[in-house]
Amino acid sequence: KAGVTQTPRYLIKTRGQQVTLSCSPISGHRSVSWYQQTPGQGLQFLFEYFSETQRNKGNFPGRFSGRQFSNSRSEMNVSTLELGDSALYLCASSLEHGATEAFFGQGTRLTVV
Amino acid sequence: AQSVTQLDSHVSVSEGTPVLLRCNYSSSYSPSLFWYVQHPNKGLQLLLKYTSAATLVKGINGFEAEFKKSETSFHLTKPSAHMSDAAEYFCVVLIKAAGNKLTFGGGTRVLVKP
């Protein structure tokens with residue numbers, strides 16, 4: 001079956017703009033988590049969605065938000081982009097909230113100029 | 001709060017020699033522990049996981065890891081490195097009681113010399 005699909009793979013945006021990233025989990029998986037990866041901070045947890053509800057949130061400003069649809073697909077949005085938001089954004093798919101195994105997509109590389 | 005420390009940011013080995021990647025964790029709860037690998041411009045692939053069953057865990061591509069509670073360690077090993085093992089490796093802890101999010105170590109970049 002298909003893996004985790006993230007779109008787009010690459011994005012270039014200007015400071016102050018907003019951006020929306022998409023993640024389609026593995027078929028049958030209902031939990032989607034988002035992570036930010038940067039050279040300086042490493043991999044950091046953004047938030048988790050399960051059954052269209054945010055179940056957990058990391059330490060990121062309110063400019064970072066997300067949602068999940070009834071088909072389990074998830075989007076994350078970053079408003080008022082800053083240069084420091086340049087990163088690889090990874091989506092992880094799990095069967096359920098509390099599942100001990102997560103499958104990652106290839107990520108969306110966002111560059112803010 | 002839980003945390004994960006990977007003791008080496010870079011490891012260089014010769015092809016055919018053993019690989020050891022060191023990981024220590026701290027947690028007030030019984031953790032689930034994982035090793036993930038990330039090849040350049042790729043996502044993360046699960047190598048193996050420990051979830052309170054056998055303490056010696058075998059994973060894909062010949063990797064294995066041993067959970068040692070007394071040492072709070074979960075080191076990753078492979079008897080013989082292959083060129084395709086060159087990648088970045090992440091030790092990860094998950095605490096269900098702490099919100100179920102994955103906490104990543106800083107990563108270890110492995111270089112394999114021919």
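Basis of the calculations
- Residue numbers run consecutively from 1 along every chain, following the written order of its sequence.
- Naming scheme: in the order in which they are written, chains are lettered from A and ligands are numbered from 1.
- Restriction of local features to residues with pLDDT of at least 70 applies here, the model being predicted, together with a cutoff of 80 or more for giving and counting side-chain atom pairs; totals for whole chains, interfaces and linings are based on all residues.
- Excluding hydrogens and water, the side-chain figures rest on all heavy atoms present in the structure.
- The disulfide definition used here is simple: a pair of cysteine sulfur atoms within 2.5 Å.
- The helix and strand labels rest on DSSP assignments: H or I over at least four residues marks a helix, E over at least two residues marks a strand, and numbering proceeds from the N terminus.
- Between buried and exposed lies partly exposed: a residue is buried under 20% and exposed over 50% of the maximum accessible area for its type, with that area taken using a 1.4 Å probe on protein chains only.
- As used in this record, nonpolar core signifies buried Ala, Val, Leu, Ile, Met, Phe, Trp, Tyr and Cys residues forming a set joined through side-chain atoms within 4.5 Å.
- Strands pair, by our definition, only if DSSP identifies at least two bridges between them.
- Helix axes are fitted to C-alpha atoms over the stretch in contact, other axes to C-alpha atoms as well, and angles between N-to-C directions run from 0 to 180 degrees.
- In what follows, residue pairs with any heavy atoms lying within 4.5 Å of each other are defined as contacts.
- Reported buried area values correspond to the accessible surface (1.4 Å probe) lost by two parts on association, with both partners' losses combined.
- Take a side-chain nitrogen of Lys or Arg and a carboxyl oxygen of Asp or Glu: if they are within 4 Å of each other, that pair is a salt bridge.
- Side-chain atoms alone can form a polar contact between residues adjacent in sequence; in general such a contact is a pair of N or O atoms within 3.5 Å, and within protein one must be able to donate a hydrogen while the other accepts it.
- Basically, the charged four are Asp, Glu, Lys and Arg, the nonpolar ten are Ala, Val, Leu, Ile, Met, Phe, Trp, Tyr, Cys and Pro, and anything else, Gly included, counts as polar.

Draft legend 1. The state of the cysteines, seen in detail. For the structure shown, the criterion picks out 2 disulfides over all chains. Residue pairing for A:Cys23: its cysteine sulfur links by disulfide to A:Cys91, the two sulfurs lying 1.7 Å apart. Where A:Cys23 bonds to A:Cys91 through sulfur, the torsion about that S-S bond is close to -55 degrees, and the disulfide is left-handed. You can see A:Cys23 sitting in strand β3 (residues 19-24) and its partner A:Cys91 sitting in strand β9 (residues 87-94), a full 68 residues away along the chain. The class for A:Cys91 is buried, based on a relative accessible area of 0%. Residue B:Cys23 pairs covalently with B:Cys91 via a disulfide, S to S 2.0 Å. Judged by the sign of its S-S torsion, about -70 degrees, the cystine formed by B:Cys23 and B:Cys91 is left-handed.

Draft legend 2. Looking closely at the nonpolar core. By size, the foremost hydrophobic cluster in this structure holds 27 residues, and its most contacted members are B:Leu21, B:Trp35, B:Leu47, B:Leu48, B:Phe74, B:Leu76 and B:Tyr89. Here the element with the most residues in this core is strand β10 (residues 87-94) of chain B; it accounts for 4 residues. Counting residues in hydrophobic clusters, the runner-up holds 21 residues, among them A:Val4, A:Leu11, A:Tyr49 and A:Met76.

Draft legend 3. Just the sheet that holds strand β1 (residues 5-7) of chain A, in detail. All names here are of chain A. Here we have 4 strands laid out as an open sheet, ordered β1-β3-β8-β7, and antiparallel in their pairing. The open sheet has two edge strands, β1 and β7 (64-68), and neither has a second partner. Pairs of neighbouring strands in the sheet enclose a mean axial angle of 20 degrees, with direction left out of account. Sheet analysis places β7 next to strand β8 (residues 74-78), joined by 5 bridges and oriented antiparallel. Opposite Ser 65, over in β8, you have Asn 77 as the bridge partner.

Draft legend 4. Examining the interface of chain B and chain A more closely. Between chain B and chain A, the contact holds 19 residues from the first and 18 residues from the second. With both chains or domains summed, chain B and chain A bury close to 1600 Å², and 51% of this area falls on carbon and sulfur atoms. Here chain B and chain A share 1 salt bridge between them. Here chain B and chain A share 4 residue pairs in polar contact (both at pLDDT 80 or more) between them. Counting only elements with at least two residues in the side of chain B that touches chain A, the list comes to β5 (32-38), β6 (44-50), β10 and β11 (102-104) of chain B. Counting residues per element, the side of chain B that touches chain A draws most heavily on β5(B), at 4 residues. Here the side of chain B that touches chain A is composed, by residue class, of 8 nonpolar, 7 polar and 4 charged.

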